[in-house]
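Spelled out, the chains give:
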Amino acid sequence: MRKFIIFIPILLISLYCSGQEIPKPGTPKVFSVTELKADFAFFRTAMETLHPSLYRYQPKDSMNYYFDTGLAKIDHPMQTVEFWELVQNTISKAGSGHTDIDPGKAFITNYNYSKHYILPFYIYIRDNRVYVKNYIGKTDTAFSIGDEVISVNYKPALSILNRERNFLTGDGYSNSYKDSQLEIGAFNRLYNLLNDEQNRFTVTFKSGPVTKTRTIKAAEVQNKKADILRLYGSSQRSEGAPLNPEDSAKSLHEVTYLKDMPSTALLRISNFTYDDYSSFHKKLFKELKQKSINNLVIDLRNNAGGNERACIDLMKYLVDKNFYFTAKEDGMIDLGKFAGVIEKANRKNSGIIDLSQVDRKPYELKTYANEPQVANEDGFRGSIYLLINGGTYSAAALLVTALKTQTPCVTIGQETGGGLAGCDGGSSVDINLPNTRFRLRMPLLWTYSVSKEQNHGKGLQPDIIFLPSATDIYNKYTKNIDPFIEKLKTVIVSNK
């Protein structure tokens, strides 16, 4: 699976070669300085030639500095993880959450099929502080849900947090999407990847006024679907986060009716990749009318995006006039001509693009998502509430912005991970680096949202900011009480 969701399926190009031999455990591959410098130069040229947002959030001289600094660090042979750290850290500076690199299928398959020892708790982040969200595996009495994590192996939690943020990509200047990934398991995976494997950790916790240092046993994890898992988490809730309690197998869409809130329906959409969107939406809104539902709550927390046509079809039932889903797309290369370059590379069976054949110049196009859309006459005309957080990303974030801009609704939660002004994505490309065979994932288009605000590099801020307290988190994982739903109930009552 891919880290990002293709939310405008204009073009999907994959140059990924899968015929690599999987190395045996304990025999990490080492690349020479010459190989690494050649791959880094290729990576830089690809970014400078193809990327639509390389200089959107960073001036060109700053990105040149990051590229030059990265190249200068290649003064010795490197193993896979060290070179990945170098390249991924450079990518993160650009502020494009749809861009990343992985060390190739061989490394990932080997890594994920191997047993690993990770920190035995999930975390949540508040004001740059790290707290215990839930246990992984057996309950360890050395810490409790809601405890603040002060340090791990004597390194301050804030230092660990900031280091890991530097290896995750997010939109613009915001940490909201990055932190959402850390909270669903990336914190544990990255710590394992960036530090030596260890079966015990020395952790300092703060529980109320009491500070305690304990040596705790690691949780053992071993993935079974290694070929689809990422090293450090993913925009998709179900991948990358080992044993995440929030990642049980659920339908992509689920409707429930709140027993203690009359005339209120809760629609949870975990991802806009469901193919039955037309029939599902038609049946859903017919049912809402039959049940005389006045309040519709759409839960888009940790929804990473998906098919823009599903989003548009849903909007047709929520807006009572013609509307737009997005404004336009643009990029820095002609997609039609680039497809020819791809075909030529594939005919050579090398999977390596000849970037010298690609011209960089502004390119704009219109798609179905930019066209005026007609509202459904049988749409919902009650009150709409949207639950959002840092995991509300890509097409889901574009949907929230489109709804907030064009119809009355109330947003509750936290800043979206997807930018208010828009995001990268749409058409994308996977590019193999020639020597290491690392896979660079890169968008080729920038999508403009319908927001008229300037691009400040942040996500959409909710009407009602809600950050669950330590008590809320404890109740969620011990009593199955969702604090967002409890907050929602008070908001609906106050709006009567």
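No experiment lies behind these values; they were computed from the predicted model shown.

Please provide a residue-by-residue account of the environment of Phe31, values included.
With respect to the helices, strands and loops of the structure, Phe31 is situated in strand β2 (residues 30-31). Ignoring any residue separated from it by four or fewer positions in sequence, one finds Phe31 in contact with Leu36, Pro77, Met78, Thr80, Asn435 and Thr436.

Which residues make up unusual backbone geometry, and what values do they have?
For Asp127, which is not glycine, the phi dihedral falls at a positive 50°. Turning to its location among the elements, Asp127 is positioned in the loop between β6 (121-126) and β7 (129-135). For Asp127, a relative accessible area of 73% translates into the label exposed. For Arg437, which is not a glycine, the phi torsion comes out positive at approximately 65°. By the secondary structure assignment, Arg437 is in the loop between β20 (422-432) and β21 (439-448).

Please give an account of the packing of aromatic side chains that cites residues and values.
The description of an aromatic ring pair uses the distance of the two centres, along with the angle that the planes make with each other. Applying the stated criterion across every chain, the model contains 19 aromatic pairs. Centroid distance Phe121 to Phe143: 5.2 Å. Interplanar angle 65°. Geometry classified as edge-to-face. Residue Phe121 is located in strand β6, and its partner Phe143 is located in the loop between β7 and β8 (148-152); the two are separated by 22 residues in the primary sequence. This pair shows no difference in class: Phe121 is buried, exactly as Phe143 is. Centre to centre, the rings of Tyr124 and Tyr131 are 5.2 Å apart; their planes meet at 20°, and the pair counts as stacked. Using a relative accessible area of 3% as the deciding quantity, one classes Tyr124 as buried. A residue is classified by how much of its surface remains accessible, and Tyr131, at 17% relative accessible area, is buried. Three or more aromatic residues joined by ring pairs form one cluster here, namely Phe121, Tyr135, Phe143 and Phe205. One cation-aromatic arrangement involves Lys93 over Tyr66; the distance from NZ or CZ to the ring centre is 5.4 Å.

Which residues make up the side chain of Ser92, and what values go with them?
Position of Ser92 among the secondary structure elements: in helix α3 (residues 80-92). Residue Ser92 is classed as buried on the basis of its relative accessible area, which comes to 8%. Within the local environment of Ser92, its side chain forms a polar contact with the backbone oxygen of Asn89, the two atoms lying 2.7 Å apart. Engagement of the side chain of Ser92 in a polar contact is seen with the backbone oxygen of Asn166, the distance being 2.8 Å.

Quick one: what's the story with the sheet that holds strand β13 (residues 253-257), residue by residue and with numbers?
The six strands lie next to each other as β13-β14-β15-β18-β19-β22, forming an open sheet whose pairing is mixed. Across the chains shown, the open sheet's two edge strands, defined by having one partner strand only, are β13 and β22 (464-465). Two strands pair when backbone bridges link them, and strand β18 (residues 383-388) and strand β19 (residues 410-413) are joined in this way by four bridges, in the parallel orientation. Its bridge partner being in β19, Leu386 is matched across the sheet by Thr411. With respect to the sheet, helix α7 (residues 277-290) is in contact with β13, β14 (264-269) and β15 (295-299), its orientation differing from that of β13 by roughly 5°.

Summarise the pattern of salt bridges; cite the residues concerned and give the values.
Across all of its chains, the model carries 19 salt bridges by this definition. Among the ionic pairs, Arg301 bridges to Asp299, the shortest N-O distance being 2.7 Å. For the pair Arg301 and Asp299, a shared accessibility class is recorded, and that class is buried. Residue Lys489 is joined to Glu486 by a salt bridge in which the shortest nitrogen-to-oxygen separation is 3.3 Å. With Lys489 and Glu486 both in helix α12 (residues 483-494) and three residues apart, the pair spans about one turn of that helix. Shared partners join several salt bridges into a network, and the residues in it are Asp100, Asp102, Arg439 and Arg441.

Conventions and cut-offs
- Residues numbered from 1 in each chain as written.
- Predicted model: local features only at pLDDT ≥ 70, side-chain atom pairs only at ≥ 80, totals over all residues.
- Heavy atoms only, no water.
- Helix = DSSP H or I, 4+ residues; strand = E, 2+ residues; numbered from the N terminus.
- Contact = heavy atoms within 4.5 Å.
- Buried < 20%, exposed > 50% of the residue type's maximum accessible area, 1.4 Å probe, protein only.
- Phe/Tyr/Trp six-rings, centres within 6.5 Å; stacked < 30°, edge-to-face > 60°.
- Lys NZ or Arg CZ within 6 Å of the ring centre and 35° of its normal.
- Polar contact = N/O pair within 3.5 Å; in protein donor to acceptor, adjacent residues only side chain to side chain.
- Pairing = 2+ DSSP bridges.
- Axes fitted to C-alpha atoms, helices over the stretch in contact; angles between N-to-C directions.
- Salt bridge = Lys/Arg side-chain N within 4 Å of Asp/Glu carboxyl O.

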